[in-house]
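Here are the chains, one letter per residue:
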Amino acid sequence: MSDSAPLQHRFPCATCGSDLRYDPNADLLTCDHCGNTQEIETDKRAAGGLRELDFQTALNNGLAASEIEETRVVTCPNCSAQTEFDPDTHAAECPFCATPVVTDTGTHRHIKPRGLLPFAMDEGQARAALTRWLGSLWFAPNGVQDYARKGRAMNGIYVPYWTFDADTKSSYTGQRGDDYFETKTVTRNGKRQQVRVRKTRWNNARGRVARFFDDVLVLASRSLPKKYTDGLEPWDLSELEPYNPEYLAGFRAEGYQIELADGFTEARGYMDRMILRDVKYDIGGDRQRVRNVDTAVSDITFKHVLLPVWLAAYKYRGRTFRFVVNGRTGRVQGERPYSGWKIAFAVILGLIAALIAGFVIANSQ
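Everything numeric in this text was worked out from a predicted model, so none of it was measured.

### Digging into the sheet that holds strand S9 (residues 107-111)
Strands pair in a sheet through their backbones, by hydrogen bonds, and they do so in one of two ways: parallel or antiparallel.
Here's step 1: The three strands are arranged S6-S5-S9 in an open sheet whose pairing can be described as antiparallel. Across the chains shown, the open sheet's two edge strands, defined by having one partner strand only, are strand S6 (82-84) and S9. Geometrically, the sheet is characterised by an average inter-axis angle of 55° between neighbouring strands, direction not taken into account.
Here's step 2: Two strands pair when backbone bridges link them, and strand S5 (residues 68-75) and S9 are joined in this way by five bridges, in the antiparallel orientation. Bridged to glutamate 69 within S9 is histidine 110.

### Considerations on the nonpolar core
Here's step 1: Counting residues in each nonpolar core, the largest one holds 31 residues, and the members touching the most others are Leu130, Met154, Tyr158, Leu248, Trp310, Phe323 and Val325.
Here's step 2: Elements supplying a minimum of two residues to this core: helix H2 (123-135), strand S15 (287-316) and strand S16 (319-326).
Here's step 3: Apart from residues no more than four positions distant in its own chain, methionine 154 is found in contact with Glu123, Ala126, Arg127, Leu130, Trp310, Leu311, Ala312, Tyr314 and Val325.
Here's step 4: Counting residues in hydrophobic clusters, the runner-up holds 25 residues, among them Ala58, Ile111, Phe164 and Val218.

### Digging into empty space enclosed by the protein
Here's step 1: Counted according to the given criterion, the structure contains one cavity of 30 Å³ or more.
Here's step 2: A volume near 50 Å³ is recorded for the largest cavity.
Here's step 3: Surrounding the largest cavity, Glu69, Glu84, His110, Pro113, Tyr243, Leu248, Ala253, Glu254, Gly255, His304 and Leu306 form its lining.
Here's step 4: For the lining of the largest cavity, the residue count by class is five nonpolar, three polar and three charged.

### A look at the sheet that holds strand S1 (residues 21-23)
Here's step 1: The antiparallel open sheet is built from three strands, whose spatial order is S1-S2-S3. Each edge of the open sheet is held by one strand with a lone partner, namely S1 and strand S3 (37-38).
Here's step 2: In terms of strand pairing, strand S2 (residues 28-30) meets S3 through two bridges, oriented antiparallel. Each bridged residue has a counterpart across the sheet, and for threonine 30 the counterpart in S3 is threonine 37.

### Thoughts on the environment of tyrosine 243
Here's step 1: By secondary structure assignment, the location of tyrosine 243 is in the loop between strand S13 (241-242) and strand S14 (252-253).
Here's step 2: For tyrosine 243 and arginine 114, which are 129 residues apart along the polypeptide, the C-alpha to C-alpha distance reads 5.4 Å.

### Quick word on the pattern of salt bridges
Here's step 1: Evaluated as defined, the whole model comprises 15 salt bridges.
Here's step 2: Here arginine 21 ties to aspartate 32 by a salt bridge, and the two come within 2.8 Å at their closest N and O atoms. Taken together, the residues span a long stretch of sequence, with arginine 21 in strand S1 and aspartate 32 in the loop between S2 and S3 at a distance of eleven residues.
Here's step 3: For arginine 21, a relative accessible area of 30% gives the class partly exposed.

### Quick notes on H2
Here's step 1: Along its 13 residues, H2 runs 18 Å from first to last C-alpha, staying within 8% of the 18 Å computed at 1.5 Å per residue.
Here's step 2: Of the positions making up H2, those classed as buried are Ala126, Arg127, Ala129, Leu130, Trp133 and Leu134. Angular distribution of buried residues about the axis of H2 spans 160°; they occupy a single face of the element.
Here's step 3: One side-chain oxygen at the N-terminal end of H2 lies 3.2 Å from the backbone nitrogen of glycine 124; it belongs to aspartate 122.

### Quick word on the confidence of the model for the protein chain
Here's step 1: For the protein chain, per-residue confidence averages 82 on the pLDDT scale, and 76% of positions sit at 70 or higher.
Here's step 2: At the low end of the mean pLDDT range in the protein chain sits helix H3 (residues 142-149), at 55; at the high end sits helix H5 (residues 260-283), at 97.
Here's step 3: Across residues 1-6, confidence stays below pLDDT 50; counting only partners more than four residues off in sequence or on other chains, it has ten contacts.
Here's step 4: Within the model, pLDDT remains below 50 along residues 338-346, and this stretch shows 16 contacts once partners closer than five positions in the same chain are excluded.

### Quick word on the environment of threonine 99
Here's step 1: As for its position among the elements, threonine 99 is in the loop between strand S7 (91-93) and strand S8 (100-102).
Here's step 2: Note: C-alpha distance between threonine 99 and proline 77 (22 residues apart in sequence) is 8.1 Å.

Reading guide: rules and limits
- Residues numbered from 1 in each chain as written.
- Predicted model: local features only at pLDDT ≥ 70, side-chain atom pairs only at ≥ 80, totals over all residues.
- Heavy atoms only, no water.
- Pairing = 2+ DSSP bridges.
- Helix = DSSP H or I, 4+ residues; strand = E, 2+ residues; numbered from the N terminus.
- Axes fitted to C-alpha atoms, helices over the stretch in contact; angles between N-to-C directions.
- Core = buried A, V, L, I, M, F, W, Y, C linked by side-chain atoms within 4.5 Å.
- Buried < 20%, exposed > 50% of the residue type's maximum accessible area, 1.4 Å probe, protein only.
- Contact = heavy atoms within 4.5 Å.
- 1 Å grid on protein atoms, 1.4 Å probe; cavity = no way out; pocket = protein on both sides within 12 Å on 5 of 7 lines; lining within 4 Å.
- Points joined across faces, edges and corners; volume = space filled by probe spheres on them.
- Nonpolar A, V, L, I, M, F, W, Y, C, P; charged D, E, K, R; others polar.
- Salt bridge = Lys/Arg side-chain N within 4 Å of Asp/Glu carboxyl O.
- Expected span 1.5 Å × (residues − 1).
- Arc of directions from axis to C-beta.
- Polar contact = N/O pair within 3.5 Å; in protein donor to acceptor, adjacent residues only side chain to side chain.
- pLDDT = per-residue confidence, 0-100.

So this is what it looks like as structure tokens:
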């Protein structure tokens, strides 16, 4: 553990001393107290071409000290999310599950983010997107919809991800199947008929395929169900900005819980699925049997990046409902709450409609 103090990102207003926050609509730091604004200094030369880090060097703990940082975090006792909080905050609600938590002085030492996608919509725009989504769920309880509409605060969170690049070369063995048809005479219902029967001619196949993988994205958090975060894709990774803590002003950032090696294991699973697809395409024919694929992976590099998500965690009648909004596109995912009485009402309406239709048909005959 480093002896240095954890980083605390504070951006005081030059006019009044209050904290500045990042305004997604203006792409500026703004002061809610006096209205002062300040531009964000970014290295445009690095934008869109962020330098990758060597994967093996990181596994061997050989990264330069400048690539490591230590931040002050609070760990939720319910969902274990590790979230950065303002140093002056002593009690808050977990943004991931709405559990009350008391902050402590825990620290998280991790690989520093290499880049991030800044928020492109503010809280009001995110809430509007969530309200529209909930409004499209006819069976959602009115209480949940009303609770969301009443302006309960949403939390802007930068969620951690890994991206991986790798060069792969694969050799394979298998079989190519080519379909052909034979005409046979069969007896059906006492009658002789000629039918075409499909058969497959198999031939051995072998070959090589190669693919370079660029920015395979892996969620580095366990705080949200992966199906929700996967549903927020696609992310415009070509718009990644070099990491700058000023973009975090007024927002929170979650520390990664999935370590680098485990992240690559998931990325490798994705790569293997794509390679298998390439192999089948290379074999060709109408059908393919793949016996073995031997893949050599080289030049593995990675980045730790932060992606913007608006979170809403609502406790309603003893249950916690979680919703996530892509902070760039407004795409919404979350638990789909159901109202028992709405479902029952719909069933009753359906039965009434069926009875009326049956009555009409019976009297028309």
